[in-house]
Amino acid sequence: MPKVTTKQLWEMKRKGERIVALTAYEYLFARILDEAGVDMILVGDSLGMVFAGYESTVRVTMEQMLYHTRIVASAVERALVVGDMPFMSFQVSPEEALRNAGRFLQEAGAQAVKVEGGEEVAEQVKRMVEAGIPVLGHLGLTPQSVYQLGGYGVQAREEDEARKLLHDAEVLQEAGAFAVVLEKVPGELAREVTERLHIPTIGIGAGPHCDGQILVTQDMLGLFERFRPKFVRRYAELGRLAREAVAQYSQDVREGTFPSEKESF
Ligand code: KIV
């Protein structure tokens, strides 16, 4: 099956077709998402919180990201697989960013990488793109900076912050990013960025005007329940279903009704 390419995503923006993106960290969901026709699968460093149970994404390492990306990339046939560059894997220098980004493609089988930040990472983005590595930008709420931002609130509400975000988006486009994630920013600002850029914007908590949308899969399926952002629409309640199933199994084992004769050899 032919892979989705960054060029196809540009073409989708040109034609006004919405881009569908979700996260995956492991084989089962990677298969489900790919078979359902999702265009882009991000192996997000959100796995630090959702998969590993950390307080933030800051502790996630290159080794963890490569491990999960390898599994997802080998499960996916059609979607574009993007590996999320963890904290400290790209900030130090363009050389280090390039070397680490290369590992996502060469060792883990991703087709692209994502980096958080604007103008301050433009040199890194340029360097990776020059080496043939497609880069997805990420602006607005950038969770790797949570200790500096002081939480996970809506970003760029003030005019000077909005102007900076617009500028950062243009700088990332200029540096060669193939698309930009806009996380938790006002919808009108996301609309302006989307209209100004010729590359696609992928929104998460950024309103309805972006060229595509992404959510953390475990959020939209009701599996990650530690907090529930307003922007998440729950399409299933798998956490509740799983708890009910486990409770029923426990009761059956305790009462001796599982396994039955039919389930025995
Ligand atoms: O880490 C992640 O999953 C992300 C998406 C939520 C955009 O950055």
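Residues numbered from 1 in each chain as written. Predicted model: local features only at pLDDT ≥ 70, side-chain atom pairs only at ≥ 80, totals over all residues. Heavy atoms only, no water.

### Considerations on the environment of M40
Its place among the elements puts M40 in strand 2 (residues 40-43). On the accessibility criterion, M40 (1% relative accessible area) is buried. (Helix = DSSP H or I, 4+ residues; strand = E, 2+ residues; numbered from the N terminus. Buried < 20%, exposed > 50% of the residue type's maximum accessible area, 1.4 Å probe, protein only.)

### A closer look at the packing of aromatic side chains
Counted according to the given criterion, the structure contains 2 aromatic pairs. Taking 5.4 Å as the distance between ring centres and 85 degrees as the angle between the ring planes, the aromatic pair formed by F224 and F227 counts as edge-to-face. Here F224 falls in the buried class, since its relative accessible area comes to 10%. Since its relative accessible area comes to 38%, F227 is described here as partly exposed. Over the ring of Y54 we find R59; its NZ or CZ atom is 4.1 Å from the centre of that ring. (Phe/Tyr/Trp six-rings, centres within 6.5 Å; stacked < 30°, edge-to-face > 60°. Lys NZ or Arg CZ within 6 Å of the ring centre and 35° of its normal.)

### Notes on the site of the ligand
Close contacts around the ligand come from T23, L42, G44, D45, S46, D84, K114, H138, I204 and V216, and that covers them all. Between the ligand and D45 there is a distance of 3.0 Å, counted from an oxygen atom to a side-chain nitrogen or oxygen. Separating an oxygen atom of the ligand from a side-chain N or O atom of K114 is a distance of 3.2 Å. Summarising the interface, the protein chains cover 95% of the accessible area of the ligand, which totals 260 Å² for the free molecule. For the shell around the ligand, the class distribution of residues is 3 nonpolar, 4 polar and 3 charged. (Near = heavy atom within 4 Å. Polar contact = N/O pair within 3.5 Å; in protein donor to acceptor, adjacent residues only side chain to side chain. Areas by Shrake-Rupley, 256 points an atom, 1.4 Å probe, with all protein chains shown as cover. Nonpolar A, V, L, I, M, F, W, Y, C, P; charged D, E, K, R; others polar.)

### Considerations on the nonpolar core
Counting residues in each nonpolar core, the largest one holds 78 residues, and the members touching the most others are M40, M128, F178 and L182. A total of 7 residues in this core trace back to one element, the largest contributor, which is helix 8 (residues 159-175). Residues within four places of F178 in sequence aside, it is in contact with T6, L9, W10, M40, L80, V82, A112, P134, V135, L136, I199 and P200. (Core = buried A, V, L, I, M, F, W, Y, C linked by side-chain atoms within 4.5 Å. Contact = heavy atoms within 4.5 Å.)

### As for the domain arrangement of the protein chain
Under the domain assignment used here, the protein chain contains domain 1 (6-234) and domain 2 (238-265). Using only C-alpha atoms to locate each centre, domain 1 and domain 2 end up separated by 39 Å. Facing the 4 residues of domain 1 at the interface are 4 residues of domain 2. If you sort the residues of domain 1 by the area they bury against domain 2, L221, L223 and E225 come out on top, with a joint share of 86%. Counting across the interface, domain 1 meets domain 2 through 1 salt bridge. (Domains from an automatic or database assignment. Buried area = accessible area lost by both parts, 1.4 Å probe. Salt bridge = Lys/Arg side-chain N within 4 Å of Asp/Glu carboxyl O.)

### Here's the deal with the side chain of T6
In this structure, T6 sits in helix 1 (residues 6-15). Taking the relative accessible area as the measure of exposure, T6 reaches 15% and is therefore buried. Not counting the four nearest positions on each side in its chain, T6 is found in contact with L80, P134 and F178.

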